[in-house]
Amino acid sequence: MSTEYLSTEAKLYPVPKRLLDPSLSPTPHINSIEQYKKLYDESIKNPIGFWGKIARETLTWVTPFQTVFSGGFEHGNIAWFLEGRLNAAYNCVDRHAIKNSDKVAIIYEADEPGQDRKITYGELLRDVCRFANVLKAHGVKKGDIVTIYMPMTPEAVVAFLACARLGAVHSVVFAGFSAESLRGRIQDASSKFVITADESRRGGKTINIKNIVDDALKECSTVERVFIFRRTSSEVSIITPRDVWWHEEIEKYRPYCSPEIVNAEDPLFLLYTSGSTGKPKGILHTTAGYLLSAATTFKYVFDYHEGDTFACMADIGWVTGHTYIIYGPLACGGTTILFESTPLYPTPSRYWEVVAKHKITHFYTAPTAIRLLRRFGREHIDCHDLSSLRIIGSVGEPIDPDSWKWYNEVVGRNVCSVIDTYWQTETGSTIISPLPCAISSKPGSATLPFFGIDLAVLDSTTGGEIKTTEAEGVLAIRQPWPSIARTIYNDHNRYFNTYLKPYKGYYFTGDSVTRDRDGYYWIRGRVDDVINVSGHRLSTAEIESALIFHPSVAEAAVIGVPDDLTGQSIQAFVTLKPNCSTDVNDLILQVRKVIGPFAAPKKIYIVSDLPKTRSGKIMRRILRKIICDEIDQLGDLSTLSDPNLINILVDKVNNS
Ligand code: WT7
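The rules behind each value
Residues numbered from 1 in each chain as written. Predicted model: local features only at pLDDT ≥ 70, side-chain atom pairs only at ≥ 80, totals over all residues. Heavy atoms only, no water. Helix = DSSP H or I, 4+ residues; strand = E, 2+ residues; numbered from the N terminus. Polar contact = N/O pair within 3.5 Å; in protein donor to acceptor, adjacent residues only side chain to side chain. Contact = heavy atoms within 4.5 Å. Near = heavy atom within 4 Å. Areas by Shrake-Rupley, 256 points an atom, 1.4 Å probe, with all protein chains shown as cover. Nonpolar A, V, L, I, M, F, W, Y, C, P; charged D, E, K, R; others polar. Buried < 20%, exposed > 50% of the residue type's maximum accessible area, 1.4 Å probe, protein only. Pairing = 2+ DSSP bridges. Right-handed = clockwise from strand over helix to strand, strands pointing away. UniProt positions renumbered as here; feature names shortened; annotations may be inferred. Expected span 1.5 Å × (residues − 1). Axes fitted to C-alpha atoms, helices over the stretch in contact; angles between N-to-C directions. Arc of directions from axis to C-beta. Core = buried A, V, L, I, M, F, W, Y, C linked by side-chain atoms within 4.5 Å.

Student: What is the right way to look at the side chain of R537 in this model?
Tutor: Here R537 lies in strand β27 (residues 536–539). Among the polar contacts made by the side chain of R537, one reaches the main-chain carbonyl oxygen of S274 at a distance of 3.0 Å. Looking at R537, its side chain comes within polar contact range of the side chain of E426, at 2.7 Å. If sequence neighbours within four positions are ignored, R537 has contacts with T273, S274, K281, Q424, T425, E426, R526, V530 and I531.

Have a look at this one:
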């Protein structure tokens with residue numbers, strides 16, 4: 001799939017009438033383009049007034065802030081709500097439990113259909129407090145980094161919030177990562193505590209994640225304690241005194257724990273993500289700014305109302321899960337679905353059964369899942385009552401217009417708003433998206449910026465801003481917003497060099513973009529060595545170093561190739577050391593082992609040599625053209641050291 005499809009001449013899809021009809025839908029927070037524009041202009045011209053007011057209305061502060069923000073992109077010293085003090089767990093749980101303890105906070109839809117469970121705000125508060133007391137008893141205190149490696153269970157949410165309650169910083173590692181990846185993240189954060197489970201269950205399969213943790217911890221001298229939640233009750237090894245059982249520990253402590261009041265700028269969490277170089281970066285988000293943007297985008301971008309049931313199908317191990325399964329919905333006192341299974345288990349109807357059963361109003365997933373379900377046909381969808389749905393969203397990668405239209409017609413039955421939300425781990429919350437009751441959509445465009453997001457399109461060669469409405473270049477942002485990442489853990493220089501240095505005075509997103517004549521934004525994809533497979537972000541360098549780790553591999557070049565299902569797929573060219581042999585499956589296994597199954601290359605070509613410049617730099621551009629069957633567009637080959645290699649590589653690819 002190429003991004004050529006993004007013709008900006010697309011038809012406008014107006015807001016469905018049903019959403020503006022007070023007899024059929026709740027009264028929208030923002031109901032017209034004029035109202036959006038007015039507020040947007042105000043948010044850009046007067047960010048202090050705009051965010052100050054929203055911050056006072058949205059969050060509960062123990063000490064009010066006096067300064068809305070300070071610092072900026074020039075020095076990388078961004079801070080929001082400086083003097084303010086608060087607790088994130090109090091904002092996500094206590095205040096709602098105090099108001100209505102019986103309101104459902106979490107609907108846990110377990111892997112096996114029929115095993116769903118509802119957790120009220122009152123129960124959530126007790127669970128969070130008990131577990132916070134457990135953590136405290138084992139020495140967790142404010143500022144400590146706690147690694148969470150857990151399946152999609154309510155206890156994972158409890159673990160997040162128990163950390164937040166103590167002012168500890170969670171670092172959640174997606175439970176699909178390998179032992180080596182987990183180890184790297186624990187080591188980088190010098191984490192002393194790990195929260196995990198015996199096994200995870202997904203799509204009917206169980207994985208012994210405790211074994212993975214044991215393996216990871218072989219070289220993590222900092223870890224003092226591992227808390228194990230019992231998910232499946234299967235036998236696991238217990239290493240005393242390091243390992244303790246969740247269910248035994250919580251028996252010991254009372255279900256109240258006073259929240260640790262932290263400063264607005266104290267860190268709430270770290271989340272490791274891939275960059276252009278091999279080493280994942282620990283993106284750091286702070287308490288007040290992150291929570292405020294999570295709550296504010298949840299309210300406006302999803303037009304959330306009391307009584308809604310929100311389903312974000314992402315994993316809690318990615319930023320989408322952090323912001324739109326946990327912090328956004330809970331900060332607003334909403335009901336959030338926690339879905340442990342897959343779209344295909346036990347049948348391709350699973351999502352729609354869940355929507356009908358829980359009368360879900362908002363459904364949020366990635367284009368890959370949409371494309372996958374589309375292949376299975378609409379008969380799996382048409383037989384379910386989806387009339388509760390009002391807003392359906394897409395996130396993580398560009399959505400092709402055909403899939404957008406299918407989603408709108410088959411899932412949304414032309415009466416829901418479809419919102420394509422663009423954002424990043426670093427932005428903390430959505431930054432470009434239609435407001436569902438105010439902004440008309442164009443399939444394939446994320447449309448217009450959220451409040452406070454001051455976008456600029458820059459010329460990638462001159463760095464100058466393109467001021468015309470119609471523009472093509474790289475996407476950058478002029479002013480900080482509350483949930484922008486503040487640093488990369490222990491590597492502020494890398495933060496500065498990656499985001500703030502490339503275009504002085506701007507935050508650089510790493511994406512290229514087109515702005516059409518209506519001012520709509522069309523994200524074209526990354527301009528760096530980051531690839532996006534099924535909405536999962538990976539760096540080519542990270543996969544290359546996993547391959548080179550294999551004893552037989554001499555060199556590796558990884559490229560992202562357009563893919564009809566997964567957006568991009570990973571393909572690799574590898575050369576072997578003299579007198580060494582291996583097969584492709586062994587190399588794929590190597591990547592699964594080093595990074596995780598989701599990073600497995602779709603194809604690996606073992607070749608005699610890689611195209612290089614005379615100074616020895618691998619020319620990935622040529623490899624990409626060969627794979628995409630565009631050898632007539634190889635471009636300038638004058639620097640290529642061995643021109644004969646091209647034909648050899650073309651033959652190899654064609655015959656594999
Ligand atoms: C990269 C960020 C957003 C949370 C999940 C991914 C791509 C994300 C869209 C979209 C086109 C998108 C960008 C971005 N991306 N959403 N709606 N349309 N591209 O977060 O792992 O930090 O990845 O995902 O390339 O830079 P992430």
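Having seen it, we continue.
Student: I'm lost on the site of the ligand in this one. Help?
Tutor: The environment of the ligand is formed by 17 residues, the closest being T421, T425, D511, R526 and R537. For the ligand, a nitrogen atom lies 3.1 Å from a polar atom in the backbone of G396. Within the contact set of the ligand, an oxygen atom lies 2.7 Å away from a side-chain nitrogen or oxygen of R526. Compared with its free state, where it exposes 560 Å², the ligand has 95% of that area covered by protein. Each residue belonging to the shell around the ligand can be placed in one class, and the counts come to six nonpolar, six polar and five charged.

Student: Looking at this structure, how should I read the pairing of strand β20 (residues 417–421)?
Tutor: Where a strand is regular, its side chains alternate between the two sheet faces. Summarising burial for β20: five of the five residues are buried, a large majority. A two-sided burial pattern is seen for β20, the buried positions comprising S417, I419 and T421 on one face and V418 and D420 on the other. Across five bridges, the pairing between strand β19 (residues 391–395) and β20 is parallel. Along β20, the bridge assignment pairs I391 with S417. Read from β19 through helix α15 (residues 401–411) to β20, the crossover connection turns out right-handed.

Student: Can you walk me through the UniProt feature "domain: AMP-dependent synthetase/ligase" (unreviewed entry) in the protein in this structure?
Tutor: When the UniProt feature table is mapped onto this chain numbering, "domain: AMP-dependent synthetase/ligase" (unreviewed entry) sits at residues 94–481. Along residues 94–481 one finds 31% helix and 22% strand; the C-alpha atoms at either end are 26 Å apart.

Student: In this structure, what is going on with helix α10 (residues 287–301)? I would like to understand it.
Tutor: Every α-helix carries 3.6 residues per turn, so stepping three or four residues along brings you back to the same face. Over its 15 residues, α10 runs 21 Å from end to end, which matches the ideal 21 Å to within 8%, given 1.5 Å per residue. By the criterion of burial, α10 is predominantly enclosed, with 14 of the 15 residues buried. Of the residues trailing α10, D303 is marked for its positive phi of about 40°.

Student: For this particular structure, what's the right way to read the sheet that holds β20?
Tutor: Backbone hydrogen bonds hold the strands of a sheet together, and the pairing may be parallel or antiparallel. Within the open sheet, the seven strands sit side by side as β5-β4-β17-β16-β18-β19-β20. Their pairing is mixed. Both outer strands of the open sheet, β5 (116–120) and β20, are each paired with one neighbouring strand and no more. Mean inter-strand twist for the sheet, computed between neighbouring axes without regard to direction, equals 20°. Relative to strand β17 (residues 335–339), strand β16 (residues 309–312) runs parallel, the two being bridged by three bridges. The residue bridging F310 from the neighbouring strand is T336, located in β17.

Student: Please clarify how the UniProt feature "domain: Acetyl-coenzyme A synthetase N-terminal" (unreviewed entry) in the protein should be interpreted in this entry.
Tutor: Per the UniProt record, "domain: Acetyl-coenzyme A synthetase N-terminal" (unreviewed entry) is annotated on residues 36–92. Secondary structure content for residues 36–92 is 47% helix and 11% strand, and the end C-alpha separation is 27 Å.

Student: What is the right way to read the sheet that holds strand β14 (residues 267–273) from this model?
Tutor: Taken in spatial order, the eight strands make up an open sheet running β12-β11-β8-β6-β7-β14-β15-β23, and their pairing is mixed. For this open sheet the edge positions go to β12 (243–245) and β23 (487–488), each flanked by a neighbour on one side alone. As defined by bridge partners, strand β8 (residues 193–197) adjoins strand β11 (residues 225–229) across five bridges and the pair is classed as parallel. Within β11, the residue paired with V194 across the bridge is V226. Helix α6 (residues 154–166) rests against β6 (145–148), β7 (169–172), β8, β11 and β14 of the sheet, and its axis sits at about 175° to β6.

Student: Help me out: how do you make sense of the environment of G560 in this one?
Tutor: Tracing the sequence through the fold places G560 in strand β28 (residues 553–563). G560 sits in the buried class, given a relative accessible area of 6%. Along the sequence, G560 and K141 sit 419 residues apart, while their C-alpha atoms lie 42 Å from each other. The residues touching G560, leaving out its near neighbours within four places in the chain, are I531, Q568, S569 and R624.

Student: Which parts of the structure should I look at to understand helix α19 (residues 620–627)?
Tutor: The complete set of buried residues in α19 reads I622, L623, I626 and I627. The buried residues of α19 occupy an angular sector of 135° when projected down its axis, which confines them to one face. Buried residues along α19 sit in contact with β28, β29 (567–576), β30 (603–606) and α20 (645–654). Positive phi appears at D629, one or two residues downstream of α19, with a value of about 60°.

Student: Any chance you could explain the nonpolar core here in plain terms?
Tutor: Counting 167 residues, the largest nonpolar core has F81, L124, F131, I195, Y327, L435 and L547 as its most contacted members. Looking at this core element by element, the count peaks at ten residues for α6. Among all residues touching Y327, those that are not within four sequence positions of it are C92, F160, L161, A164, H170, L268, F269, Y290, L291, A294 and H322. Core analysis: the second largest hydrophobic core is formed by 27 residues, I107, Y351, I370 and V418 among them.

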